[in-house]
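Here is what each chain is made of, one letter per residue.
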Amino acid sequence: MPGTYAVIGAGPSGLAAGRALRRDGIPFVIYERHDGIGGMWDISNPGTPIYESAHFISSRTLSALDGLPFPEDYPDYPRHDQLLAYLHEFARRFRLEPHVRLSTGVERIRRRAGGGWSVVLDTGEEVEHAGVIMASGSQWSPNLPDYPGQWDGEAYHSKHYRSRDQLHGRRVLVVGAGNSGCDIACQAATTADAAAISTRRAYWIVPKHIFGQPTDVFARSTPGFVPGRVEQRFFALLLRTVVGDLTRYGWPEPDHLPLATHPILNSEILLHLAHRDLVHRPDLERLEGDRVRFVDGSVEPYDLIIWATGYRLSWPYLDRDELRWPRPNDPGLFLNVFSRDHDDLFALGFVETDAGAWPHISLQADLISQIILDQHERPAQAARWRSFKQRHVDLEGGIEHADSPRHEYYVSDAHYRRYAAELLRALQRGDLAQFAASGGAGLVERIRTRLVG
């Protein structure tokens, strides 16, 4: 049997890892620094980016972890407390709770000379493990911008936003148009004395429902072999038909095709822009005391800036030199999961995609568990895997994503799912050699390649 593996974090990624490992008979322990499971979805956990009105931005239909569908009485886009309840039920259903050590943080992991890892806990203990699965989430370390000038008002990152009570009587500027930024800007539009949202570039606004269906459900109904550029142009036409000309709302015309940037899924922001309860501003040029100068030369007074500027990929317990990091926010992992240098170090849940992440997390967990099994049961395949995981695989499906930190390790949902699922089936059959010889592409991917060509 394999030795005991350390799983860091008892959020959705850590629980998905626990389900896969327990199913395959691999010993493990989940270390969770908070006093309950759920990770960021427990709004009481210090440092969580979740706010009181937060909902999933992918539908319950396509967002569940493997093995447990969302309850039928959940709304199309579940609320944060419903997601937390689901995670607790997931832990109960797959009997993961005995494997979780709560209120036990990981301070450091160190490579052992003889193999495996030493895990240093905040309790003072140092525990030896056969391997480590880093499942601690990617939305804990805020990315803060650096603009010239001086700001005399209040400012904080969106991870410190909890409720609209923080907006009453304020002149609010939200900087950044991710999904959290747009949610907060909409709340400011109905609560603050004045509300504006600033973006460096224009983005597509995608409604949460198209033709009565959750948008991701509608998108999944399109043919899976359509090349990425064709899919982008079809989606652009659809959005122009359903949403219309964004400039009529005071929102700038996007300078890229849909899916080149992370989708903004919001059915309210255009209404507030149309009512002028919310106004769009371009990028900031400098801060001037209680005023902000924008790149178009305009100057506006505010007393609260909320930086909705995303997060930095961070594993504070890992020496950064253990990974390759070809770009500042890209650790150079194969399939965003597997260390290219260490066979016993895995990252789980560190994936940015144009659809719900939890199904990807389940698939990643299954791949990790299968690789661990191969290391003990199929040494020839495990040796072949060491070479296989050095290759570069196009995970963007022909879509040229934006040049930004968030998109450094971005993947196309459909393309990633197909490739990872076919790889998992090949590993389970003991067929990695044949999969590698085929270029790692199944029938659907070969059709897509020919269409692109």
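Here, the structure is the one placed above.
Residues numbered from 1 in each chain as written. Predicted model: local features only at pLDDT ≥ 70, side-chain atom pairs only at ≥ 80, totals over all residues. Heavy atoms only, no water.

Attention shifts here to the sheet that holds strand β17 (residues 284-289). Here four strands make up an open sheet; going across it, the order is β8-β17-β18-β19 and the pairing mixed. The open sheet has two edge strands with one neighbour each: β8 (149-151) and β19 (299-301). Put simply, the sheet's adjacent strands are angled 35° from each other on average, direction ignored. Judged from the three bridges that link them, strand β18 (residues 291-294) and β19 form a sheet pairing that is antiparallel. Of the residues in β19, the one forming a bridge with Val-292 is Glu-300. (Pairing = 2+ DSSP bridges. Helix = DSSP H or I, 4+ residues; strand = E, 2+ residues; numbered from the N terminus. Axes fitted to C-alpha atoms, helices over the stretch in contact; angles between N-to-C directions.)

The next thing to look at is the pattern of salt bridges. If you walk through the whole model with that rule in mind, you get 26 salt bridges. The partner of Asp-344 in a salt bridge is Arg-111, with the nearest N and O atoms 2.5 Å apart. Here Asp-344, found in the loop between β20 (304-307) and β21 (345-347), pairs with Arg-111, found in strand β4 (residues 106-111); they are 233 residues apart in sequence, far enough to count as distant. Given a relative accessible area of 35%, Arg-111 falls into the partly exposed group. In this structure, Arg-170 and Glu-154 form a salt bridge, with 3.0 Å as the shortest nitrogen-oxygen distance. You can see Arg-170 sitting in the loop between β9 (154-157) and β10 (171-175) and its partner Glu-154 sitting in strand β9, a full 16 residues away along the chain. Relative accessible area serves as the criterion here: at 35%, Glu-154 is assigned to the partly exposed category. When salt bridges that share partners are traced, they join Arg-23, Asp-24 and Asp-366 into one network. (Salt bridge = Lys/Arg side-chain N within 4 Å of Asp/Glu carboxyl O. Buried < 20%, exposed > 50% of the residue type's maximum accessible area, 1.4 Å probe, protein only.)

So, about the pairing of strand β6 (residues 126-129). Remark: a regular strand shows side chains that alternate across the two faces of the sheet. Here strand β5 (residues 117-121) pairs with β6 via four bridges, running antiparallel. The residue bridging Val-120 from the neighbouring strand is Glu-126, located in β6. Taking the residues between adjacent antiparallel strands as the criterion, β5 and β6 are bridged by four residues, where Gly-124 takes a positive phi near 100°.

Right, let's talk about the nonpolar core for a bit. Grouped together as the largest cluster of nonpolar side chains are 105 residues, with contacts concentrated most on Tyr-86, Ile-269, Phe-338, Trp-358 and Leu-423. With residues up to four places along the chain from it excluded, the contact list for Ile-269 reads Cys-182, Cys-186, Ile-197, Ile-205, Trp-251 and Leu-278. If you look at the next biggest cluster of nonpolar residues, it comprises 22 residues, including Val-119, Leu-121, Trp-315 and Leu-345. (Core = buried A, V, L, I, M, F, W, Y, C linked by side-chain atoms within 4.5 Å. Contact = heavy atoms within 4.5 Å.)

It is worth spelling out the packing of helix α7 (residues 358-377) against helix α9 (residues 413-429) at this point. At a closest axis distance of 10 Å, the pairing of α7 and α9 adopts a crossing angle of 25°. By the angle between their axes, α7 is roughly parallel relative to α9. Note on packing geometry: the crossing formed by α7 with α9 is left-handed. Seen from α7, the contacting residues are His-360, Leu-363, Gln-364, Asp-366, Leu-367, Gln-370, Ile-371 and Asp-374; seen from α9, they are Asp-413, Tyr-416, Arg-417, Ala-420, Ala-421, Leu-423, Leu-424, Leu-427 and Gln-428. Split by residue class, the contact of α7 with α9 holds nine nonpolar, four polar and four charged. (Parallel < 35°, antiparallel > 145°, perpendicular 65-115°, else oblique. Left-handed = near helix turned anticlockwise from the far one by under 90°. Nonpolar A, V, L, I, M, F, W, Y, C, P; charged D, E, K, R; others polar.)

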